[in-house]
Every structure is written in structure tokens, then in C-alpha cells.
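One-letter residues, chain by chain:
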Amino acid sequence: MREHQSVAIPVLNDSDYYGFERKSAGDFPFYREAPHALSAHRWVLILLGVALGFSMLTVPVAFFKTTLGGFVPAILFPLIPLAVLAMMVGKGWRALFRTPTWRDVLLMVAIVGANILVSFTVAISLQLLFKMNTNPVNTLLAGASDTALILFYLKTAPQLFGEEVVSILPFLAMLWFCHQTLAMTRKRAIITAWLCTALIFGALHLPTYEWNFVQCFLVIGTARIVLLSGYIITKNIWVSTGAHIINDWLLFTIMAALLGAHAAG
């Protein structure tokens, strides 16, 4: 089902890029004439794969609720949309992945610092006006044994990778729609797709935070804007994934330590 292209790859001028993008990383895949340009119906199928992957996290299967069984939906979460993508573009799915460099690792750390600063500032500001709900993970961390914590961290790795997959594929789909259908310039299409992806990501968290729209769209959405910058800068999903894992594992560790100290006191 892969698409074949006979057209030449269009050349981008420096003016087509934002200053924060690494021009050496090239352009985004799947949204322009080449490489691996996709049609509307193929994008629809990919987005259905994204929805199916996400649904694995909510399937009412008792085994999925167990400690070991929880790894199954966490792995299927990214695997399903990537499998559908591979059906659409063949080996072109590899365009999402590049070997990280030390420069990429430094960027991950910088993104984590920026995300924590921005997210906490937004959350504290909004907390003065609106009610903020607690992350359900805090309850799990409060009473978890050392073994349970290790398994929890291991399970969150593929799940956080999945969150990047189900963010980046809709981002590329929206980029295609804005550029090809709405005839936006590349720069305007990127900003529009970036903001729309943040809203979609926030919406996915509504059940987790008891349908708190302010918290999901402004706090979670803002965090998605910062974390997605890793992919937009480098065109490498490993960068945004690495930043996401470092960010959440750091917050989990701090929260577990605070809860443990509170219990001991």
C-alpha cells in the first residue's frame, strides 16, 4: 500500500525554515510532494491507527490492569499507529527516527528544564483562579513498593514513547492539511499544526483529570508545545521522547520522595 513518487524533491529556501529548526535535519516527512507524500485517505487510516492505539489504554481487560499485563497496552499504544504508518509508506516510517547525538541529549535536557519552568508557571498562575486536579499517578506512587516502582518506570517508557507517536503523527497530518489543502505557507502550517496538536493532546487527558478543561488545554497543552519542540527542531522522534521520559521520570521521582517523606513524618 505504499505510495510511489516520480516527482523531484522540492527544494526549501532558508526563508522557509524557522530560525530554531536545524536545517541539517531537512524537512518533515509525509506532508509535501516528497518524500513519501500521502493522500487524504491514507492520512485518515493513519489517524484511525492513532485512535486505535490510544484506545488500548482504556480497553476494559482485567489482565491489562495487572502489574505485568499493564505492559501490553503500553506497548500496543505506539506499535499500532506505527504499524499502520508502515503499511502506508513502507520503509518510509523510518523517517521519524534518527540516531541521537550528544547534541540531541543536551537539547533533551534543555527542553526538560524549559518545560518544568513553563508548566509550573502556568499551573501556579491558573491555580489562583481555577481548581487543579491531582494526577492519579500520585496515589499509585504513594503506596508502591520498590519493585512496583521499578515496574512502573519500565512501563511508562513505551507509554511515553506512545504519547510522542500519537502527537507527532497528528502533527504531520495537520501540517499536510494546512499546507496542501489550506495552502498555508510552511511556517504558518507548522505553527497551526503545533497548536492544534497541543489541543488534541490536552483533550486526550480530559478523562485523567476529571474533565478539567482549563488544566488539560492550558497546562497539559502548554507542556505538549514545549515537548513537541524537540521533534520540530530535529525531525527526530527520539529527541522529544527522551525529553518526555526524562521530564516525567524526574517528576515521578520527586513526587515519590515527597510522598515517602510525608508518610514517614
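Residues numbered from 1 in each chain as written. Predicted model: local features only at pLDDT ≥ 70, side-chain atom pairs only at ≥ 80, totals over all residues. Heavy atoms only, no water.

### Let's talk about the pattern of salt bridges
Summed over the entire model, instances satisfying the criterion amount to six salt bridges. Notably, a salt bridge pairs arginine 186 with glutamate 21, separated by 2.7 Å at the nearest N-O pair. Of this pair, arginine 186 sits in helix α6 (residues 186–204) while glutamate 21 sits in the segment before α1 (40–55); the two residues are 165 residues apart in sequence, bridging distant segments of the chain. For the residue pair arginine 186 and glutamate 21, the accessibility class agrees, reading buried in each case. One salt-bridge network, in which partners are shared between bridges, spans Glu21, Asp27, Arg32, Arg186 and Lys235. (Salt bridge = Lys/Arg side-chain N within 4 Å of Asp/Glu carboxyl O. Helix = DSSP H or I, 4+ residues; strand = E, 2+ residues; numbered from the N terminus. Buried < 20%, exposed > 50% of the residue type's maximum accessible area, 1.4 Å probe, protein only.)

### Focus on the environment of methionine 184
Examined against the element boundaries, methionine 184 turns out to sit in the loop between α5 (146–181) and α6. Judged by its relative accessible area of 25%, methionine 184 falls in the partly exposed class. Apart from the residues lying within four places of it in its own chain, the contact partners of methionine 184 are Cys178, His179, Ala189 and Thr192. (Contact = heavy atoms within 4.5 Å.)

### Looking at the packing of aromatic side chains
Per the stated rule, a full pass over the model turns up 16 aromatic pairs. Consider the rings of tryptophan 93 and phenylalanine 97, whose centres lie 5.7 Å apart with planes at 80 degrees: the pair is edge-to-face. Three or more aromatic residues link up through ring pairs in this structure, and these residues are Phe28, Tyr31, Phe171 and Tyr231. Sitting over the ring of tyrosine 18, lysine 187 keeps its end group 5.4 Å from the ring centre. In this arrangement the basic side chain of lysine 235 is found over the ring face of phenylalanine 28, its NZ or CZ atom lying 4.5 Å from the centre. (Phe/Tyr/Trp six-rings, centres within 6.5 Å; stacked < 30°, edge-to-face > 60°. Lys NZ or Arg CZ within 6 Å of the ring centre and 35° of its normal.)

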